[in-house]
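Structural characterization, general
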Amino acid sequence: MIKRYTIRRRIWITIWFTSVFSAILFVLLTFYLYDRFYLQTQEDLLLNRGEKLINIYESEGLSGAFYDGMTYTNELTESKVFFIDFLKKNPAGLRFLTNADIEQLRNGETVVSSRMHPIEGSDILMTGFPIIENNRLVGTLILYLELGQISEPFRPLRLMIFFMIGLIVLNLVIFGRQIIDTIIRPLIDMKRASTVYAQGDFDYRIPIQSDDEIGELAETLNKMAESLGEVDEQRKEFLANVSHELRTPLSYIRGYTEMMQDQALDDKTRDQYYQIIERETERLQRLVNDLLDLAQLERDSYPMTKQPLVFSQVLEDVVYRMEPIAKTKGVSIITDFDPSQIVLGDNDRLEQVIGNILDNALRYTPASKNIYLSTKTEGERTVCTIRDEGEGIPPEHLERLTKRFYRVDKSRTRKDGGTGLGLAITKHIIDRHDGTISFESALGEGTTVQIILPLLPDEEDGFA
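A brief structural summary. (Residues numbered from 1 in each chain as written. Predicted model: local features only at pLDDT ≥ 70, side-chain atom pairs only at ≥ 80, totals over all residues. Heavy atoms only, no water.)

**A word on the pairing of strand 4 (residues 136-146)**
In regular strands, side chains alternate between the two faces of the sheet. Across the eleven residues of strand 4, nine count as buried, placing the element largely inside the fold. Of the pairings in the sheet, the one linking strand 1 (residues 80-85) to strand 4 comprises six bridges and is antiparallel in character. Its bridge partner being in strand 4, Asp 85 is matched across the sheet by Gly 139. Relative to strand 4, strand 3 (residues 123-133) runs antiparallel, the two being bridged by ten bridges. For Ile 124, the partnering residue across the bridge sits in strand 4 and is Glu 146. The turn linking strand 3 back onto strand 4 is made up of two residues, and Asn 134 within it adopts a positive phi angle of 55°. (Buried < 20%, exposed > 50% of the residue type's maximum accessible area, 1.4 Å probe, protein only. Helix = DSSP H or I, 4+ residues; strand = E, 2+ residues; numbered from the N terminus. Pairing = 2+ DSSP bridges.)

Dropping the structure here:
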């Protein structure tokens, strides 16, 4: 089984690994600088001083100038120098050399090494120069420098480096906590939110704590939750409305069917019951058809055949069918169409749109009033305006008129036979024609519906 590492743990592992790696790197850098630069510099310095003394010896031998040079080196520099005379018995200073050093000196090679002082026990950097006469090692010039003195200048540098390591570690820890605060905690909030959303509660909102990609993601998830909440509410409302709309006609049909089984029922009453059952059946059929149309429109599977249409002809056909109803109610339909407008659309669906709007206008326009239907051209669009002189709609209802089953006056709409889906279907059909629909209304003055559709360019209208 693969061991699970959380993001929090991975971040801390990365931080501590980086801290340890940085510390090791700085320590290695310190020793590198000490060994390769400063220690090498001191080694070169010892070699240079020794070579000068050897040059004096080679030119003058064990003269006063040679001993003065050694005295100068001992007193005025931090290095120490002495001469081992192999011609003497038990020469002083021989403890500074090993057998390997002596062998190396006999070969005429200079000895350079770091070792422990044979008497004081301190670490030293030592150089030994061979003095050879007649192919014989007669003496050795020893120069050494205590490493404590060499490393002394590096002590502030080491302190500064360790201080920098501590500062880096501290910054990494602070940075790690900031990462956890800005990334891990919001992710935990998002995980909690997804769990809540999965349970069907879309009211929870993720707190936005930063103005970056994480904050944008949290804001996006909040918007998604808001949209899901709206969809869920619409779904619940839709199911409730469908249940209610179906229950009402079914209750009527069932009730009057049971009453018609009464053998004592007279023919006149039985005919009335038949008419009620027929009316409720038609209403139920309209509701089912509207629901099917709306479902197809919402998933873009509604059959629609678009072709070039003379828009004024579409409007006139609808007005021609609605005129008898308008005359019966004592309402006049006044038209003003532009016959040159050509649109690309489905004739039946556009007639359905205009028919739905005119039907609503006729329902709420009292006798002796007018309904105005007109078109005009604005740029490459046609603007169709349908204005009635009815009772009007309160402003707070205008934005929701195209919602499914939404009714301004539920009782009156149901009594008149409406399903509450007409304007929702109208909105979807207009959208499928790349158009827009808007509503304006004033109480006591009437309602204006404006439909805007794109016109077909002259070279594409198909009319010669």
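**What about the environment of Phe 175?**
Its location among the elements puts Phe 175 in helix 5 (residues 154-198). For Phe 175 and Ile 15, which are 160 residues apart along the polypeptide, the C-alpha to C-alpha distance reads 8.8 Å.

**Quick word on the sheet that holds strand 2 (residues 111-116)**
The four strands lie next to each other as 1-4-3-2, forming an open sheet whose pairing is antiparallel. Bordering the open sheet on either side are strand 1 and strand 2, each of which pairs with just one other strand. Neighbour to neighbour, the strand axes of the sheet diverge by 25° on average, direction disregarded. Pairing analysis gives six bridges linking strand 2 to strand 3, with the strands arranged antiparallel. (Axes fitted to C-alpha atoms, helices over the stretch in contact; angles between N-to-C directions.)

**Focus on the packing of helix 8 (residues 311-329) against helix 9 (residues 347-364)**
Two elements in contact, helix 8 and helix 9, have axes whose closest approach is 9 Å; the angle formed by their N-to-C orientations is 25°. With respect to helix 9, the axis of helix 8 lies roughly parallel. Note on packing geometry: the crossing formed by helix 8 with helix 9 is right-handed. Residues Val 314, Leu 315, Asp 317, Val 318, Val 319, Arg 321, Met 322, Ile 325, Ala 326 and Lys 329 of helix 8 lie in contact with helix 9, whose contacting residues are Asn 347, Leu 350, Glu 351, Ile 354, Gly 355, Leu 358, Asp 359, Leu 362 and Arg 363. (Parallel < 35°, antiparallel > 145°, perpendicular 65-115°, else oblique. Left-handed = near helix turned anticlockwise from the far one by under 90°. Contact = heavy atoms within 4.5 Å.)

**A look at the packing of aromatic side chains**
For the structure shown, the criterion picks out nine aromatic pairs. Here Phe 82 and Phe 96 contribute two aromatic rings whose centre-to-centre distance is 4.9 Å and whose plane-to-plane angle is 55°, an arrangement assigned as tilted. With Phe 82 in strand 1 and Phe 96 in the loop between strand 1 and helix 3 (99-106), this pair connects stretches of sequence that are 14 residues apart. Of the two residues, Phe 82 and Phe 96, both sit in the buried class. (Phe/Tyr/Trp six-rings, centres within 6.5 Å; stacked < 30°, edge-to-face > 60°.)

**Regarding helix 2 (residues 64-76)**
Here helix 2 spans 17 Å end to end across 13 residues, near enough to the 18 Å set by a 1.5 Å rise per residue. All of the buried residues along helix 2 are Phe 66, Gly 69, Met 70 and Thr 73. Taken around the axis of helix 2, the buried residues stretch over an arc of 95°, which confines them to a single face. Exposed residues lying more than 90 degrees from the buried face of helix 2 are Asp 68, Glu 75 and Leu 76. (Expected span 1.5 Å × (residues − 1). Arc of directions from axis to C-beta.)

**Examining the packing of helix 9 against helix 11 (residues 422-432)**
Where helix 9 contacts helix 11, the axes come no closer than 9 Å and their chain directions differ by 145°. In this structure, the crossing between helix 9 and helix 11 has a hand that is left-handed. In this structure, helix 9 uses Arg 349, Gln 352, Val 353, Asn 356, Ile 357 and Asn 360 to contact helix 11, whose residues at the interface are Gly 422, Leu 423, Ile 425, Thr 426, Ile 429 and Ile 430.

**Some points on the environment of Leu 315**
The residue Leu 315 is located in helix 8 in this model. Leu 315 sits 22 residues away from Phe 337 along the chain, and the two C-alpha atoms are 8.4 Å apart. Apart from the residues lying within four places of it in its own chain, the contact partners of Leu 315 are Phe 337, Ile 354, Thr 375 and Cys 384.

**Concerning the sheet that holds strand 8 (residues 370-378)**
Strands in a sheet are paired, the pairing made by backbone hydrogen bonds, and the direction either parallel or antiparallel. The mixed open sheet is built from five strands, whose spatial order is 6-8-9-11-10. Bordering the open sheet on either side are strand 6 (332-336) and strand 10 (436-442), each of which pairs with just one other strand. Ignoring strand direction, the axes of neighbouring strands in this sheet form an average angle of 15°. Of the strand pairs in this sheet, strand 8 and strand 9 (residues 381-388) are connected by eight bridges, and their pairing is antiparallel.

**Quick word on the pattern of salt bridges**
Using the criterion set out here, one finds nine salt bridges in the structure. Residue Arg 115 is joined to Asp 101 by a salt bridge in which the shortest nitrogen-to-oxygen separation is 2.6 Å. Of this pair, Arg 115 sits in strand 2 while Asp 101 sits in helix 3; the two residues are 14 residues apart in sequence, bridging distant segments of the chain. Look at Asp 101 and you get buried, because its relative accessible area is 6%. (Salt bridge = Lys/Arg side-chain N within 4 Å of Asp/Glu carboxyl O.)

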